[in-house]
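Letter by letter, the chains look like this.
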Amino acid sequence: MVNPSSIKMKKPEPRLGIWAIALLTASLGIINLLSAVTPGLPARVAWLRTLFPFAVSAGSSLFTVISGFLLLSLATNLLRRKRLAWAIALVLASISTLSHLIKGLDYEESLLSTILVALLWGLRREFTARSDRPSVAQGVRVLIGALLFTLAYGTAGFFLMEQQYQTDFTLTQAIRQTLAMFFTLDRGGLVPVTPFGQFFARSIYIVGASTLLYAMFMLGRPVLLRDPASPEERQKAQAIVEKYGASSLAYLTLLPDKSYYFSPSQQSVIAYVPKGRGAVALGDPIGPEFDRLDAIAGFQRFCQENDWYPAFYQTQPE
């Protein structure tokens with residue numbers, strides 16, 4: 001009989017550095033948005049024009065705002081120590097360091113990006129969790145975020161810009177103008193008076209399309225990525241179930257919705273389904289009796305590494 005106290009392990013709290021990275025990533029996302037909607041200082045911009053044409057700076061602005069959306073989306077996953085989120089954030093922050101300089105010689109924002117890169121690299125071994133299984137709920141959240149981000153981008157730009165348009169926008173007018181950009185072919189009567197104003201009006205469509213395409217991809221992932229386990233894992237699990245499966249639930253572990261954890265000895269298998277922040281295992285570990293304790297303790301560690309809460313459903317009394 002397994003003594004529950006012998007396998008109970010406290011779920012570790014995120015380290016202070018993880019919280020700092022998540023907050024800094026979200027902050028950089030907001031700063032990128034605001035930086036993209038404000039023209040650079042005239043002296044800096046004039047010096048940059050001797051090196052780069054306006055089109056290059058405009059392209060850097062577009063990358064800055066789109067990376068801002070992605071950084072905001074990644075902040076929560078970084079807090080959960082997701083490895084893929086770490087890799088994407090590291091790339092985005094590294095490129096942001098250059099894009100801020102090219103956009104308007106904004107070395108203040110570039111320094112913030114550099115600090116984030118240093119923190120991400122310094123704590124790289126803390127990000128061990130795998131990505132969550134795709135779900136429609138994830139896609140819906142990203143879709144709502146994409147719509148709100150595009151609305152915030154347009155509103156902030158029209159409200160903060162001065163001398164870029166014939167109209168001096170109030171906050172309410174900025175919101176209306178952004179909405180008009182989506183529903184009228186004439187841009188709601190918008191008349192830019194500077195190249196930056198013309199660029200910003202066009203960029204709303206590009207940012208909106210980019211964020212919505214990303215949201216559509218997130219919505220489609222549950223359909224595109226159906227199988228949670230590889231064929232090799234299924235064959236291995238089936239062999240263990242055929243040899244050791246004794247309960248009425250044993251063969252239900254071979255249903256196509258199951259993922260598999262194999263004990264350190266590879267002689268036992270636990271079939272589970274990720275549900276939100278949890279990993280729900282069906283029944284007891286299947287395998288030899290002597291391997292049960294190691295299988296349960298290993299599954300607990302496996303869930304900790306992936307920032308999941310483990311649970312067993314319909315286990316035997318022993």
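The numbers attached to residues start from 1 for each chain and follow its sequence in the written order. Local features in this predicted model are restricted to residues whose pLDDT is 70 or higher, and side-chain atom pairs enter the listing and the counts only when it is 80 or higher, whereas totals over whole chains, interfaces and linings include all residues. Side-chain descriptors were evaluated using all non-hydrogen atoms of the structure, hydrogens and water having been removed beforehand.

1. Concerning the overall build of the protein
Scanning the protein from terminus to terminus reveals 10 helices and 4 strands. A run of H or I in DSSP becomes a helix once it reaches four residues, and a run of E becomes a strand once it reaches two; helices and strands are each numbered from the N terminus. For the protein, the N- to C-terminal ordering of α and β elements is α-α-α-α-α-α-α-α-α-β-β-β-α-β. Relative accessibility decides the category of a residue: with a 1.4 Å probe and only protein chains considered, values under 20% of the type maximum give buried, values over 50% give exposed, and everything between is partly exposed. Of all 318 residues assigned to the protein, the portion counted as buried reaches 43%. Only heavy atoms enter the contact rule, under which two residues are in contact if any of them lie within 4.5 Å. If you take every contact in the protein between residues at least 6 apart in sequence, the share linking residues at least 24 apart comes to 72%. Values of accessible area rely on a 1.4 Å probe in the Shrake-Rupley scheme; residue burial ignores everything except the protein chains shown. Accessible surface computed for the protein: about 16700 Å², of which carbon and sulfur atoms make up 65%.

2. Some details on the packing of aromatic side chains
A pair of Phe, Tyr and Trp rings is counted when the ring centres sit within 6.5 Å of each other, with Trp represented by its six-membered ring. The angle between the planes then sorts it: under 30 degrees is stacked, over 60 is edge-to-face, the rest tilted. Tallied over the full model, the rule gives 14 aromatic pairs. Measuring from centroid to centroid gives 5.8 Å for Tyr 272 and Phe 302, while their planes differ by 65°, and the two rings are edge-to-face. Within this pair, whereas Tyr 272 is found in strand E2 (residues 269–275), its partner Phe 302 is found in helix H10 (residues 292–305), the two being separated by 30 residues in sequence. Neither Tyr 272 nor Phe 302 differs from the other in exposure class; each is buried. One aromatic cluster is present, formed by Tyr 261, Tyr 272, Phe 299, Phe 302, Trp 308 and Phe 312 through successive ring pairs. In this analysis the charged atom, NZ for Lys or CZ for Arg, is taken to sit over a ring once it is within 6 Å of the ring centre and within 35 degrees of the ring normal. Lying across the ring of Trp 86, Arg 83 places its NZ or CZ 4.3 Å from the centre.

3. Points about the confidence of the model for the protein
Every residue gets a pLDDT, meaning the predictor's confidence in that residue, from 0 to 100. Overall, the prediction assigns the protein a mean pLDDT of 80, with 82% of residues at 70 or greater. Taking the mean pLDDT of every element in the protein, the minimum, 62, falls on helix H2 (residues 42–49) and the maximum, 90, on strand E1 (residues 259–262). Predicted confidence is poor over residues 4–13, with pLDDT under 50, and the contacts of this stretch with residues over four places away or in other chains come to 16 contacts.

4. Remarks on helix H9 (residues 231–244)
Expected helix span is taken as 1.5 Å per residue step, with the number of steps being one fewer than the number of residues. Taking 1.5 Å per residue as the helical rise, H9 with its 14 residues ought to reach 20 Å, and the 20 Å between its terminal C-alpha atoms agrees with that figure. Every buried residue belonging to H9 is among Arg 234, Ala 237, Ile 240 and Val 241, and all of these are buried. Buried residues in H9, looked at end-on, bunch into an arc of 130°, giving them a common side. With respect to the buried face of H9, the exposed residues turned more than 90 degrees away are Glu 232, Gln 235 and Lys 243. Each element contacted by the buried residues of H9 is listed here: E1 and E2. The arc refers to the directions leading from the helix axis to the C-beta atoms.

5. Quick look at the pattern of salt bridges
A side-chain nitrogen of Lys or Arg and a carboxyl oxygen of Asp or Glu constitute a salt bridge if their distance falls within 4 Å. Applying the stated rule across the entire model yields 2 salt bridges. Of the charged contacts, one joins Lys 258 and Asp 257 as a salt bridge, the two residues approaching to 2.9 Å between their closest N and O atoms. For Lys 258, a relative accessible area of 7% corresponds to the buried category. One salt bridge in this structure joins Glu 289 and Arg 292, with 3.6 Å as the shortest N-O distance. When its relative accessible area of 16% is taken as the criterion, Arg 292 is described as buried.

6. A word on unusual backbone geometry
For Arg 81, which is not glycine, the phi torsion reads 65° and is therefore positive. Inspection of the secondary structure assignment puts Arg 81 in the loop between helix H3 (54–79) and helix H4 (83–104). Phi is positive for Gln 266, which is not a glycine, with a value near 65°. Its place among the elements puts Gln 266 in the loop between E1 and E2. Accessibility expressed as a relative area gives 38% for Gln 266, which makes it partly exposed.

7. Concerning the pairing of strand E3 (residues 278–282)
Most of E3 sits out of view: 4 of its 5 residues are buried. At least two bridges found by DSSP between two strands are what make those strands a pair. Where E2 lies against E3, 4 bridges are found, and the strand directions are antiparallel. Looking across to E3, one finds that Val 273 is bridged to Val 280. Hairpin remark: E2 followed by E3, antiparallel, with 2 residues in the connecting loop; positive phi at Gly 276, about 60°. Strand direction decides the pairing type here: E3 and strand E4 (residues 309–313), joined by 5 bridges, are parallel. From the neighbouring strand, Gly 278 faces E4, where its bridge partner is Tyr 309. Seen with its strands pointing away from the viewer, a crossover is right-handed when the path leading from the first strand over the helix to the second is clockwise. Considered for its hand, the β-α-β crossover made up of E3, H10 and E4 is right-handed.

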